[in-house]
Amino acid sequence: MPLLAAPLRAQVPDSARVEAARPDSITGPLFTPRDAVVAGAFVAGTAALLPFDERLAKWFQRPALQNSSVAGDVATGARVLAIPGTLIITPALYVVGRLGHHPHAADLGLHAGEAIVVALGTTWLVKGIAGRARPYAVSDTSPHDFKLGRGFSGGEDFSSFPSGHATAAFAMAAATTAETSRWWPGSARYMAPLLYGGATLVALSRMYDDKHWASDVLMGASIGTFSGWKVVRYNHLHPHNWVDRWFLSASIAPIGTGGAMVVWSVSTR
């Protein structure tokens with residue numbers, strides 16, 4: 001299967017077709033005053049949960065809930081759906097979109113994947129700096145056990161804040177809702193409850209598994225949600241950014257010998 005990295009004159013990149021078919025072009029700044037209000041609400045909510053972390057952790061660990069096979073199965077399914085689920089679904093969407101010539105699917109897979117990478121990178125950094133002990137490591141009794149930088153050297157037991165699974169799930173939910181709303185107007189009323197509801201189950205599963213405090217999952221949800229919103233917005237404010245040009249301009253073209261070649265149509269704009 002030869003590889004051809006050269007422009008194809010008659011070809012219009014799928015990203016350009018998506019852009020041309022979209023009547024609701026995104027305009028305005030990447031960050032708005034409303035973002036500051038929403039971010040402030042997330043931070044305030046996380047701070048407000050801190051006094052209740054110990055009580056909530058013990059509630060989730062009560063025998064009646066822990067011995068429920070239904071609760072256990074739901075928690076396991078939600079955890080797997082978040083990681084590795086989101087890390088499999090997004091590249092699969094991209095590949096199916098490129099091979100099947102479905103530009104919306106490729107667009108969604110690429111941008112949701114970017115959002116998850118940005119969100120998890122941010123979470124990894126905050127985990128390392130905060131160095132918070134996980135609930136199981138302190139018998140659900142010391143939610144204020146933070147130590148600056150301990151998350152980088154203390155191992156898994158001290159990387160509780162924020163939740164990476166919640167981060168990935170909410171990044172996927174936010175990016176998918178934002179992306180599909182652009183080419184399926186009104187879809188948010190159906191997609192948002194489904195996707196954010198699933199992400200909430202992921203967050204609750206991390207508390208059920210005694211891996212995270214309530215404030216961990218709320219902060220993870222905020223990082224994931226913002227990453228999803230802003231990555232999608234950035235990509236459509238800058239439709240010719242290098243990531244989109246590289247990944248959304250490739251096409252699979254058949255050749256006479258029965259094989260195929262990958263062709264890039266690189267925009268000079």
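Read on for a plain summary of the structure. (Residues numbered from 1 in each chain as written. Predicted model: local features only at pLDDT ≥ 70, side-chain atom pairs only at ≥ 80, totals over all residues. Heavy atoms only, no water.)

Let's talk about the overall build of the chain
Inclusion rule: A run of H or I in DSSP becomes a helix once it reaches four residues, and a run of E becomes a strand once it reaches two; helices and strands are each numbered from the N terminus. Each residue is assigned to one of three classes by its accessible area relative to the maximum for its type, calculated with a 1.4 Å probe on protein chains only: buried under 20%, partly exposed between the two thresholds, exposed over 50%. Here, residues are in contact when the closest pair of their heavy atoms is within 4.5 Å. Per-residue and other accessible areas were derived by the Shrake-Rupley procedure at a 1.4 Å probe size, with only the shown protein chains allowed to occlude residues.
When its secondary structure is counted, the chain shows 11 helices and 3 strands. Walking the chain from its N terminus toward its C terminus, one meets helices and strands in the order β-α-α-α-α-α-α-α-α-α-α-α-β-β. The buried share of the chain, reckoned over its 269 residues, is 44%. Sequence-distant contacts, at least 24 apart, represent 76% of the contacts inside the chain between residues at least 6 apart. Total accessible area on the chain is roughly 13,400 Å²; 70% of this is exposed by carbon and sulfur atoms.

Looking at the pattern of salt bridges
Going by this rule: Salt bridges are defined by distance alone: a side-chain nitrogen of Lys or Arg within 4 Å of a carboxyl oxygen of Asp or Glu.
Counted by the stated rule, this structure contains 9 salt bridges. Arg132 is paired through a salt bridge with Asp216; the nearest N and O atoms lie 2.7 Å apart. In this pair, Arg132 is assigned in the loop between helix H6 (103-130) and helix H7 (150-153) and Asp216 in helix H10 (residues 214-237), connecting sequence segments 84 residues apart. By relative accessible area, Asp216 is classed as buried at 0%. Via salt bridges that share partners, Asp53, Arg132 and Asp216 belong to a single interconnected network.

Here's the deal with the packing of helix H5 (residues 69-99) against H6
Put simply, the test is: Angles shown run from 0 to 180 degrees and are taken between the N-to-C directions of axes, each axis being a line fitted to C-alpha atoms and, for helices, limited to the stretch in contact. Angle categories are assigned with fixed cut-offs, so that under 35 degrees is roughly parallel, over 145 is roughly antiparallel, 65 to 115 is roughly perpendicular, and the rest are oblique. Two helices crossing with the near one rotated counterclockwise from the far one by less than a right angle form a left-handed crossing, whereas a clockwise rotation gives a right-handed crossing. Under the convention adopted here, Pro, Cys and the residues Ala, Val, Leu, Ile, Met, Phe, Trp and Tyr are nonpolar, Asp, Glu, Lys and Arg are charged, and Gly plus all remaining residues are polar.
For the pair H5 and H6, interaxial distance at closest approach is 7 Å and the crossing angle is 150°. Comparing the axis directions of H5 and H6 gives the class roughly antiparallel. For the element pair H5 and H6, the recorded crossing hand is left-handed. Residue-level contacts link Thr86, Leu87, Thr90, Leu93, Tyr94, Gly97 and Arg98 of H5 to Ala105, Ala106, Leu108, Gly109, Leu110, Ala112, Gly113, Ile116 and Leu120 of H6. Here the residues of the contact of H5 with H6 are counted per class, giving 10 nonpolar, 5 polar and 1 charged.

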